[in-house]
Amino acid sequence: MRPVSVWQWSPQGLLLCLLCSLCLGSPSPSMDPEKRAGSQGLRFRLAGFPRKPYEGRVEIQRAGEWGTICDDDFTLQAAHVLCRELGFTEATGWTHSAKYGPGTGRIWLDNLSCRGTEQSVTECASRGWGNSDCTHDEDAGVICKDQRLPGFSDSNVIEVEHHLQVEEVRIRPAVGWGRRPLPVTEGLVEVRLPEGWSQVCDKGWSAHNSHVVCGMLGFPSEKRVNTAFYRLLAQRQQHSFGLHGVACVGTEAHLSLCSLEFYRANDTTRCPGGAPAVVSCVPGPLYAPSSGQKKQQQSKPPGEGRVRLKGGAHPGEGRVEVLKASTWGTVCDRKWDLHAASVVCRELGFGSAREALSGARMGQGMGAIHLSEVRCSGQELSLWKCPHKNITAEDCSHSQDAGVRCNLPYTGVETRETWYWDSGNITEVVMSGVRCTGTELSLDQCAHHGTHLTCKRTGTRFTAGVICSETASDLLLHSALVQETAYIEDRPLHMLYCAAEENCLASSARSANWPYGHRRLLRFSSQIHNLGRADFRPKAGRHSWVWHECHGHYHSMDIFTHYDILTPNGTKVAEGHKASFCLEDTECQEDVSKRYECANFGEQGITVGCWDLYRHDIDCQWIDITDVKPGNYILQVVINPNFEVAESDFTNNAMKCNCKYDGHRIWVHNCHIGDAFSEEANRRFERYPGQTSNQII
């Protein structure tokens, strides 16, 4: 971790200050491995349940025996030290009283007292190893920030040999330095050594070396470069060589993993007859000009298995999903490593993998698990070219979904943090009418009013703001349950007064002969899962929830779901909606505890790994189809339709089914989440001609 302080003047004239971690209150000690000798002979791990991969009961192995830490005198400073021992950048919290369950064996440390800046837990004060008067009901736990230390030694994280001291790699343009548009794709290879930036001697330089460097810098591939031009240019410039003899295989995720040699301080002759190594990288579609992007998309072979990332907070990270038989599914993390992760990253137009994630670190998927035990050499052009095992449902679960974090090109965007300042002195509005799809890299790429601003006023009331987060919820509807529970009910009007008050009936119900007659309702159950990495909470706080006397409940969100009946060409013929009068954890996965319930004006929400069930027999869990004529239709359900609550992925919020209504009965089939099928399968679904009989094929 290197504290930095960077001032940068943006084109908009905004002065940004990127502060070091010390400014934010977390200690940033030197990570020099030579000073960590106190931790030698100790091993650390997180254990217990329910927990996420970056939290748990702290266990230490000493003299071959695993043990725990007592929570007496435990503080956040101690948690910082332990999280770094575990390979994370810092702690965000800690727990006491065996929150993750009691451990077994020895209690190695008691009354642990740390300043937070120690290199090792052995530097903290305590009662001594194995000296404790605690029981395992007092075991301490930590909650670490879900961010790995650069170069931390772990099977799924890039391990950089510290004695090589290649801390960073960059491409420096030979001409026009500082005036070239970002990202820089061609230039001299430079490595950052303790004494500063140095060039690399090009003797023996190969395409494999260029492939590794481009991958580190966020580019999927490399191309030939005019070395004659750069050699001629090199004769007119002075150079500082620090590295030579680089020999990569081409599958390495970091230059430090290649065979290489450093010049010694007393080497007077460096790179005789040679020149600085030069690379030219090919950017992926997201970072290439739009015309190039279209060209690459059109060049994809038809029918080829595809890959995508879901659930990530940044481009180039997420849960790995693959397309098989026109249906998307996940990949089991068994034998998942950096080679396989790098194949995925490059296939998607990013660089090599920065991290191969296991244990559903990017959230759990739903539906099929297509692949397991993927073994890539790193040279494959597609994940489907790697040897793998086709699995059955018993082989793996979605708690083992694999994910990746890819290297991305430097585009000048530094922060993910949220900054607030007084907007009372703002004198100009520069953008209005901004509409983004969510995949853009900057607001300039979003649709907006341009120079024709519709918001002329300035000041706090008229300025847009954001709150950024590394994690978000991800709601997903259980489509099979909708199909299984759909049926028609003719409900008497005298039983629908409350539903009418909450606007759950078609507009024609207002002119009905109340309380006589009935309304025809299409009923079904909705089971809404949170598969994200943060709890789903209502946008409004409890103080603004609205009490509805008729049903005796609070509405925390006015619109939580939209229910629609559409014709095959998309025309809406019936609609319904449901307010979130009770967002709660109905059930949870085996290792997850419920947090939210509506009883006694409780907190509302859906915990990660839990689901909220709206049964078919409760009010407003329907569509009023009284005015719908017999025919073939599409049933559509959309969760969080107004995007009022942040989610990591909105593409899976819609569910669609084919249905046939003959005026008396209804058949619902082929229910699926909006992004569960391939584009071709979705087109076939939308061209659905309807059924000619009651037989479902």
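Residues numbered from 1 in each chain as written. Predicted model: local features only at pLDDT ≥ 70, side-chain atom pairs only at ≥ 80, totals over all residues. Heavy atoms only, no water.

Right, let's get into unusual backbone geometry. Excluding glycine, a negative phi dihedral is what most residues carry, and trans is how most peptide bonds are arranged. Of the consecutive residues Trp514 and Pro515, the connecting peptide bond is found in the cis state with omega at -5°. The backbone of Ala63 sits at a positive phi, close to 55°, despite the residue not being glycine. With respect to the helices and strands, Ala63 occurs in the loop between strand 4 (55-62) and strand 5 (65-69). What makes Ala63 exposed here is its relative accessible area of 76%. The backbone phi angle of Cys620 is positive, close to 70°, even though this residue is not glycine. Along the chain, Cys620 falls in the loop between strand 32 (610-614) and strand 33 (622-624). (Helix = DSSP H or I, 4+ residues; strand = E, 2+ residues; numbered from the N terminus. Buried < 20%, exposed > 50% of the residue type's maximum accessible area, 1.4 Å probe, protein only.)

As summarised here, the arrangement of the 3 strands in space is 24-25-33, forming an open sheet in which the pairing is antiparallel. This sheet does not close on itself; its edge strands, each paired only once, are strand 24 (487-492) and strand 33. If you compare each strand with its neighbour and ignore which way they point, the axes differ by 35° on average. Across 3 bridges, the pairing between strand 25 (residues 518-523) and strand 33 is antiparallel. By the bridge assignment, Arg523 is partnered in strand 33 with Trp622. (Pairing = 2+ DSSP bridges. Axes fitted to C-alpha atoms, helices over the stretch in contact; angles between N-to-C directions.)

Moving on to the state of the cysteines. Across all of its chains, the model carries 13 disulfides by this definition. The disulfide that involves Cys436 links it to Cys446, with 2.0 Å between the sulfurs. Torsion about the S-S bond of the Cys436 and Cys446 cystine: about 105°, corresponding to right-handed handedness. Note that Cys436 is positioned in the loop between strand 22 (403-406) and strand 23 (475-477) and Cys446 in the loop between strand 22 and strand 23, a separation of 10 residues in sequence. For Cys436, a relative accessible area of 42% gives the class partly exposed. The exposure class assigned to Cys446 is buried, which follows from its relative accessible area of 6%. (Disulfide = S-S within 2.5 Å.)

Core analysis: the biggest nonpolar cluster contains 33 residues, and Phe560 and Leu635 have the highest contact counts within it. Contributions of two or more residues to this core are made by strand 23, strand 29 (561-566), strand 34 (631-639), strand 35 (654-661) and strand 36 (666-673). Not counting the four nearest positions on each side in its chain, Leu635 is found in contact with Val482, Leu522, Phe524, Asp564, Ile565, Ile623, Met655, Lys656, Cys657, Cys659 and Val668. The next biggest cluster of nonpolar side chains, apart from the first, holds 25 residues, and it includes Val58, Ala79, Ala91 and Leu112. (Core = buried A, V, L, I, M, F, W, Y, C linked by side-chain atoms within 4.5 Å. Contact = heavy atoms within 4.5 Å.)

This paragraph deals with the side chain of His211. You can see His211 is positioned in helix 2 (residues 207-216). Residues in contact with His211, not counting those within four places in the same chain, are Pro220, Ser221, Glu222, Gly250 and Arg346.

Let us look at the packing of aromatic side chains. Under the counting rule described, the total for this entry stands at 8 aromatic pairs. Here Trp108 and Trp129 contribute two aromatic rings whose centre-to-centre distance is 6.1 Å and whose plane-to-plane angle is 70°, an arrangement assigned as edge-to-face. A residue pair is termed long-range when its members are at least 10 positions apart, and Trp108 in strand 7 (residues 106-109) and Trp129 in the loop between strand 7 and strand 8 (141-144) qualify at 21 residues. Residue Trp108 is classed as buried on the basis of its relative accessible area of 3%. Looking at Arg45, its charged tip hangs above the ring of Trp66, at a distance of 3.9 Å from the centre. Its end group placed over the ring of Phe88, Arg148 keeps NZ or CZ at 4.6 Å from the ring centre. (Phe/Tyr/Trp six-rings, centres within 6.5 Å; stacked < 30°, edge-to-face > 60°. Lys NZ or Arg CZ within 6 Å of the ring centre and 35° of its normal.)

That is the geometry; function is a separate question.
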